[in-house]
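What follows is the residue order along each chain.
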Amino acid sequence: MKRTSVVVALALLGLAGGAFANEANYGRNMAAACGSCHGTNGKSVGGMEALAGYPKDKLVKAVQDFRSGAKPATVMHQLAKGYTDAQIEAIATYYAAQK
Amino acid sequence: MTINRRDFLKVSAAGAAAAGIGSLAGCAGGGSGGSGNVVVIGGGYGGATVAKYVRMWSDGGINVTLIERNTNFVSCPMSNLVVGGERKLEEITVSYDGLRKHGVRVIQGEVTAVDADKRSVKLANGDTIAYDRLVVSPGIDFMWESVPGLTPELANTKILHAWKAGPQTVALRKQLEDMKDGGVYAIAIPKAPYRCPPGPYERACLVANYLKAKKPKSKVLILDANDDVVSKKGLFMAAWKDLYSGMIEYRPKHEISSLDANSMTLKFEFADAVKADVLNVVPGHRAGDIAKQAGLITANNRWCGIDWRTMESTARPGIHVIGDATLSAPLMPKSGHMTTQHAKIAAAAIVSLMSGEQVADPMSIANTCYSYVDGKQAVHVASVHTYDAKEKTFKTVAGSGGVSAARNEIEGKYAWAWAKNVWADALL
């Protein structure tokens, strides 16, 4: 296979794949920011809520309740106010998929 | 045959431009892959986290070499507990073996020079290591000139800073143990910005917590170059009044003009001189020495300017700078937690770049910072920061963040849980 054709083929593959990768990574990256307290991929080592495998709807509701003040917290009520519904959804989707 | 990475990027970028689509290569499904060599300088919160996350997010495709001068990671956050006698240094120390299990090549050594043109770093032992992308996570070094009379030698023996955790932490603890009842401990705080804004005030609390129990005639003086308490003001002032009344004294606007180590005296621009038995002087900070050598410092001879989308240096392409060394975005603290967030932005960008993917705008990031006010109770400050694509910087989200309502023991437990989790996230 000629070098140029490999490059062109890869470039075309790239055109197809780039958007998907970024979309899939959005939830991963957003969730990673939470991982500093809640553990890598939500696998807490203790003392913080483990979010790996957390049912999505339950997590969305919990964060929304922190945000509204319905659920009292020491810090999560302040952090939750920094996220939109769509962002919370993306984070919860990612964590729900973690084993 | 082999495809040179840069050729590939060039050609695929041209292809994308021709097709009128802004997206580049990448594999679907989020497993990013990528290949090449990343070198990380510094194994603190930032360096450890970026090393692990690049390995993880590239599915092991990218080789990562971490170069760190110390044998183990020792945490600055929680180190005031060691100064105050509540914890031992071993409890805030973590091995780099966990990173090795992620396939990170950990080298104990000192980087003496970065060659940005040749894309290589040189070690003190003479070795040269090549990189495709370099992450510089050097933390801070001190501006000795900010305290006339203080030298690096003095700062290692008598006038400690203990602002980098390790031997200094233990040595300061020893000075406090050796101090007589009725002695004076004074901490001098540099002008902001400095690493860990609430750190000095927490230290004053934990030193007082120890002295109150063991040497109650002693005094704690906080000599602050700033006009007022920089962080968690109400919470610290309440602790000083409620818990350490008559022991802790706070003095703002104390910018040091000189130090006399023989008489253990600090002189100030606009205030009376202070003599103390234990002088804990924290000099002003700038980005760590290697950032200076590598030509990464762009602001006030102190901090490294970066592109917040990728954490890539504005001065040297191919080099990412994270952590305390960066020119902070508005209201962004220089903290260990924040540094892990920088590390994850950098990791995501590096894996995208080395996979030929388009770099997405960075995710929202957060900071949660706990301070102990005694052996059991803690207070926090938290913030959420989101990328502003127009202004190309991070900004705090309006209405988010805040501090504790009051000091409490629940957050004392959360503070330690935070530490265990963030260490695991960075190093295990």
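As the structure is a prediction and not an experimental result, all values here were calculated from the model. (Residues numbered from 1 in each chain as written. Chains lettered and ligands numbered in written order. Predicted model: local features only at pLDDT ≥ 70, side-chain atom pairs only at ≥ 80, totals over all residues. Heavy atoms only, no water.)

1. What to know about the overall build of chain A
What chain A contains, in helices and strands, is four helices and zero strands. When the helices and strands of chain A are listed from N to C terminus, the series reads α-α-α-α. Expressed as a percentage of the 99 residues in chain A, the buried residues total 49%. Contacts in chain A between residues at least 24 apart in sequence constitute 59% of all its contacts with a sequence separation of at least 6. By element, 63% of the accessible surface of chain A is carried by carbon and sulfur atoms, the whole surface being about 4,800 Å². (Helix = DSSP H or I, 4+ residues; strand = E, 2+ residues; numbered from the N terminus. Buried < 20%, exposed > 50% of the residue type's maximum accessible area, 1.4 Å probe, protein only. Contact = heavy atoms within 4.5 Å. Areas by Shrake-Rupley, 256 points an atom, 1.4 Å probe, with all protein chains shown as cover.)

2. Side note on the sheet that holds strand 16 (residues 274–275) of chain B
Residues and elements named next belong to chain B. Across the sheet, which stays open at both edges, the three strands sit in the order 14-15-16 with antiparallel pairing between neighbours. Here the strands that pair on one side only, and so sit at the sheet edges, are strand 14 (256–260) and strand 16. In this structure, strand 14 lies alongside strand 15 (residues 265–268), joined through four bridges in antiparallel fashion. In the sheet register, serine 258 faces strand 15, and the bridge partner there is lysine 267. (Pairing = 2+ DSSP bridges.)

3. Looking at the packing of helix 6 (residues 167–178) of chain B against helix 7 (residues 199–214) of chain B
Each pair of packed helices can be summarised by the angle the axes make with each other and by the distance between the axes. Residue and element names in this part refer to chain B. Two elements in contact, helix 6 and helix 7, have axes whose closest approach is 11 Å; the angle formed by their N-to-C orientations is 40°. By the angle between their axes, helix 6 is oblique relative to helix 7. Relative to helix 7, the crossing made by helix 6 is right-handed. Between helix 6, through Leu172, Arg173, Leu176 and Glu177, and helix 7, the contact on the second element is made entirely by Arg203, Val207 and Tyr210. (Axes fitted to C-alpha atoms, helices over the stretch in contact; angles between N-to-C directions. Parallel < 35°, antiparallel > 145°, perpendicular 65-115°, else oblique. Left-handed = near helix turned anticlockwise from the far one by under 90°.)

4. A closer look at the pairing of strand 6 (residues 111–115) of chain B
All names here are of chain B. Looking at chain direction, strand 6 and strand 7 (residues 120–123) are connected through four bridges and run antiparallel. Paired with aspartate 115 across the two strands is serine 120, which belongs to strand 7. With antiparallel pairing between neighbouring strands as the criterion, strand 6 and strand 7 make up a hairpin whose turn holds four residues, including arginine 119 at a positive phi of roughly 55°.

5. With respect to the pattern of salt bridges
Residues and elements named next belong to chain B. This structure, assessed with the given rule, holds 21 salt bridges over all chains. The partner of aspartate 228 in a salt bridge is lysine 233, with the nearest N and O atoms 2.9 Å apart. The exposure class assigned to aspartate 228 is partly exposed, which follows from its relative accessible area of 32%. Residue lysine 233 is classed as partly exposed on the basis of its relative accessible area of 36%. If you follow the salt bridges from partner to partner, you end up with Lys219, Glu249 and Arg251 in one network. (Salt bridge = Lys/Arg side-chain N within 4 Å of Asp/Glu carboxyl O.)

6. Comments concerning the environment of glutamate 411 of chain B
Within the element layout of this structure, glutamate 411 of chain B appears in helix 11 (residues 409–427). Residues glutamate 411 of chain B and valine 379 of chain B, 32 residues apart in the sequence, show an inter-C-alpha distance of 6.4 Å. In this structure, glutamate 411 of chain B is in contact with Thr74 of chain A together with Tyr370, Ala378, His380, Ser404 and Ala406 of chain B, ignoring residues within four places of it in sequence.

7. Quick notes on the sheet that holds strand 17 (residues 278–281) of chain B
Sheet strands associate in pairs through backbone hydrogen bonding, adopting either a parallel or an antiparallel arrangement. Residues and elements named next belong to chain B. One open sheet accounts for four strands, arranged 13-12-11-17; its pairing is parallel. Only two strands of the sheet have a single partner each, and these edge strands are strand 13 (248–251) and strand 17. Within the sheet, the average angular offset between the axes of one strand and its neighbour, ignoring direction, is 15°.

8. Quick notes on the side chain of asparagine 41 of chain A
One can find asparagine 41 of chain A in the loop between helix 1 (3–38) and helix 2 (56–68). In terms of polar contacts, asparagine 41 of chain A uses its side chain to reach the side chain of tyrosine 94 of chain A, at 2.7 Å. (Polar contact = N/O pair within 3.5 Å; in protein donor to acceptor, adjacent residues only side chain to side chain.)

9. A word on the state of the cysteines
One pass over the structure, following the stated rule, counts zero disulfides over all chains. A disulfide-free cysteine, cysteine 37 of chain A has its sulfur positioned 8.8 Å from the sulfur of cysteine 34 of chain A, the nearest such atom. Overall, cysteine 37 of chain A belongs to the buried group, its relative accessible area being 10%. Its sulfur unpaired, cysteine 369 of chain B is 5.6 Å from the next cysteine sulfur, which belongs to cysteine 196 of chain B. (Disulfide = S-S within 2.5 Å.)

10. A word on the nonpolar core
Residues and elements named next belong to chain B. Membership of the largest hydrophobic core comes to 104 residues, with the highest contact counts inside it found for Met78, Val114, Val121 and Trp423. If sequence neighbours within four positions are ignored, valine 121 has contacts with Val39, Ile41, Ile67, Val111, Ala113, Val114, Asp127, Thr128, Ile129, Tyr131 and Leu134. In terms of nonpolar packing, the next biggest core, distinct from the first, is built from 32 residues, Val207, Tyr210, Met247 and Tyr250 among them. (Core = buried A, V, L, I, M, F, W, Y, C linked by side-chain atoms within 4.5 Å.)

11. Quick look at the packing of aromatic side chains
Residue and element names in this part refer to chain B. The tally for this structure, following the rule as stated, stands at 13 aromatic pairs over all chains. Taking the centre distance of 6.0 Å and the plane angle of 50° together, the rings of tyrosine 201 and tryptophan 240 count as tilted. Placement of tyrosine 201 in helix 7 and of tryptophan 240 in helix 8 (residues 233–243) is noted, with a sequence separation of 39 residues between them. Here tyrosine 201 and tryptophan 240 have matching classes, each one buried. (Phe/Tyr/Trp six-rings, centres within 6.5 Å; stacked < 30°, edge-to-face > 60°.)

12. Here we look at the side chain of arginine 203 of chain B
Residue and element names in this part refer to chain B. Within the secondary structure, arginine 203 is located in helix 7. No salt bridge is formed by the buried arginine 203, whose closest oppositely charged neighbour, glutamate 202, lies at an N-O distance of 7.1 Å. Those residues in contact with arginine 203 that sit more than four places away from it in its chain are Asn80, Val83, His161, Ala162, Trp163, Leu172, Tyr185, Ile187 and Asn280. (Lys, Arg positive; Asp, Glu negative; His and termini not counted.)

13. Examining helix 2 of chain A
All names here are of chain A. Counted at 1.5 Å a residue, the expected span for helix 2 with its 13 residues is 18 Å, and the 18 Å between its end C-alpha atoms agrees. Listed in full, the buried residues belonging to helix 2 are Leu59, Val60, Ala62, Val63, Asp65 and Phe66. Buried residues along helix 2 sit against helix 3 (76–80) and helix 4 (85–96). Looking one or two residues past helix 2, glycine 69 carries a phi angle of roughly 95°, positive in sign. (Expected span 1.5 Å × (residues − 1).)

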